[in-house]
Structures are given as C-alpha cells and as structure tokens.
Amino acid sequence: MSGSVSGTTKILGVMGFPVSHSLSPIMHNAAIAAMGLDYTYVPFPIPVEDLPAAIAGLKAIQSVQGFNLTIPHKVEVIPLLDEIMPIAKAVGAVNTVKRVENRWVGTNTDVAGFLEPLKLLECGWKLRPALVLGSGGAAKAVVAACLELGCPVIHVVGRDPKKMKKFHGAMTSQLHDYNLRVHPWASIPHLLEVAGIVINATPIGMAGDPNTPITEAEMDLLPDYAIVYDLIYTPRPTKFLQMASARGLKAIDGLEMLINQGAIGLEWWLDQPVPIEIMRQALLQHLVNKAPA
Ligand code: NAP
C-alpha cells in the first residue's frame, strides 16, 4: 500500500467484478509511494447492474480523480461517460477514466500497452499478417494495435460464428479496416502457415489450465520469423510460449502490456512521468511471491 491516508488524499482505483485478483493496486501504489504523492489506488468491486450508480456516485466524491475498468465493465461504461477519446471509440472499449473539469473522460491504454514490447523489435510489419486467437475485449485492442503496426491483413479466429460476425461488424465500422477477416477455429492450421505474428487473446493456458490454444503440430506450421505473443502473464511463461521458444520463435508474454497500460494511465492521471521500473519490479516481486514452490 502507499503511505498513510489523510483528509487530503486523492483516490484512484479499478472497477471490476470480481476485482480482488487485480494486480493494478500493487503497481500503482508502488509508483505512488515512490513519487511521495498523497494518492491511493483501491479496488472497487462493482456488480454489472450497479455500474451506472457507481460512476455517478464516484463523480460526487471529489477526491476520486480517475479509475480503471476491467472485466466486465470496459464496454458497458461507454454510455455512462461524458467524453470518449478517439482510440477508445475505435476499439469500442474504455479501460481508463480521468476526471477533467468534473467530467469523466474515457480512453483506452490497452492498445498502447500491447504495442510497447513490439516497438523494441525491428520488423517489417507490412509483410506480417496477424493471427488473433479469440474475439473478446482484449482481441479488439489487439486488432486496433495490429492495424496501427501496419499488418497487411488481420485474421481473427473464434469458436462462435454469431459472435465472430458481430465482432467483424463492430470492428470494421469502428476501425474502417477492410483487411480484417474472421474465421472459425478450424481454420487455424492454414492461417498459421502465413502468420507473421500470432496472438493468444483467450484465457486458454492461464494458471491452472494445462491446455494450449494450438497444438505442438500446429506450432510447427509457423514460419521461423513469426512472433508469438500471449496476453496471459500467469504462469510465466505459458505452455504456449514455451512451445514457441523451443522452436526458436520470439515469444512475448502479457506482463509488459499490463505494466505499460497501467503506466500510461497513471501518467495521464498525474500529468507527470511515472516510475515504470518501480511498477515492473513491484509486479515481478508479487508474482515471484505467489508462484508455487
Ligand atoms: P473475454 O472478453 O472474456 O474474451 C475471451 C475470448 O476467448 C472470447 O473470444 C472467448 O470465446 C475466447 N475463449 C475462451 N475460452 C476459449 C476456448 N476454450 N476455446 C476458444 N476460445 C475461447 O476476455 P478478454 O478480456 O478478451 O481477455 C482475454 C485474455 O487476455 C485473458 O487471458 C486476459 O487475462 C488477457 N488479458 C491480458 C491483458 C494484459 O494486460 N496482459 C489485458 C487484457 C486481457 P467465446 O466468446 O466464444 O467465449
């Protein structure tokens, strides 16, 4: 936790349901403490049906300066805010809200967070088709990011044809992206053969789940220059990323996305640079402490 709370302490937080698993308080409070600020960051457990009351109620509490949103609130919050930044409109999801002149302004820092570890790589994105596994909230941010990278085509696979059609409709109208194609899960093998980057945007392989989104034989189909990105950060690495590394492929996990989306949001709230390395170390320490012996 950050330092002591007083009558002047400003409040930040994360709304979700459930929210007790969120790692955001750990990294944000570490940064706040290091900066010596009179702020604190708390989890707000808010059931779906109570979101409108919570957004209005927090506006009345003047010490609340902003908040993050996680599952299941990233989309439902949009009509409850006063202004939506263009990136959040394009993705169709808000993960960070700031009080600006007593108005709630929403943005999306997941896209920039996802892109951050890719910026370090020198690759010809215009020659790299993207393959996104899953079509939930995170997949939307990933599609927007792949578009920003300049991937020539973005393939998204999912298991529910109705949801895939809806996803395609929503994303093409929001992003004006005509190189987005959706496919059934069974199309994965032939899409892997041409993929320049493959991203797991499903929970398959999260701690406690021994499965992988693709099989060992399917992983063999990827070109040797392919990048394999898993949004999951527990366990580190996932079995999916272990399979990639074993084949000499570049493997990236979701921890940097988590850290960077948080740091970008905190910088926006505070209007000053934030100590991202302290946020990173706080998370790494927490994950080491929680890892099974
Ligand atoms: P979500 O909205 O619930 O979407 C999950 C997607 O995965 C849906 O398309 C779902 O398909 C699909 N899926 C789930 N189980 C599947 C299975 N067994 N086979 C095939 N598809 C399956 O969740 P989300 O917010 O997008 O999050 C997805 C993952 O990204 C989670 O692991 C989350 O922890 C991670 N994430 C990481 C970060 C980060 O900062 N690193 C940020 C956001 C999310 P259906 O729609 O058919 O159920």
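Treat the numbers as computed from the prediction; the structure is a model and nothing was measured. (Residues numbered from 1 in each chain as written. Predicted model: local features only at pLDDT ≥ 70, side-chain atom pairs only at ≥ 80, totals over all residues. Heavy atoms only, no water.)

1. Points about the environment of Val97
Summarising the element assignment, Val97 is placed in strand β5 (residues 96-100). For the pair Val97 and Pro43, spaced 54 residues apart in sequence, the C-alpha separation works out to 14 Å. Apart from the residues within four sequence positions on either side, Val97 is in contact with Gln65, Gly66, Phe67, Leu69, Leu81, Trp104, Val105, Gly106, Trp268 and Trp269. (Helix = DSSP H or I, 4+ residues; strand = E, 2+ residues; numbered from the N terminus. Contact = heavy atoms within 4.5 Å.)

2. Brief notes about the domain arrangement of the protein
On domain assignment, one finds that the protein holds domain 1 (10-108 + 258-290) and domain 2 (112-253). Placing the centre of domain 1 and that of domain 2 at their C-alpha centroids yields a distance of 26 Å. With 11 residues of domain 1 at the interface, the matching set in domain 2 holds 12 residues. With both chains or domains summed, domain 1 and domain 2 bury close to 980 Å², and 68% of this area falls on carbon and sulfur atoms. (Domains from an automatic or database assignment. Buried area = accessible area lost by both parts, 1.4 Å probe.)

3. Some remarks on the pattern of salt bridges
Scanning all chains against the criterion turns up 10 salt bridges. Across the pair Arg103 and Glu83 runs a salt bridge whose closest N-O atoms are separated by 3.0 Å. Of this pair, Arg103 sits in strand β6 (residues 103-107) while Glu83 is found in strand β4 (residues 83-84), placing the two residues 20 residues apart along the sequence. Two residues, Lys119 and Glu116, come together in a salt bridge whose shortest N-O distance is 3.2 Å. (Salt bridge = Lys/Arg side-chain N within 4 Å of Asp/Glu carboxyl O.)

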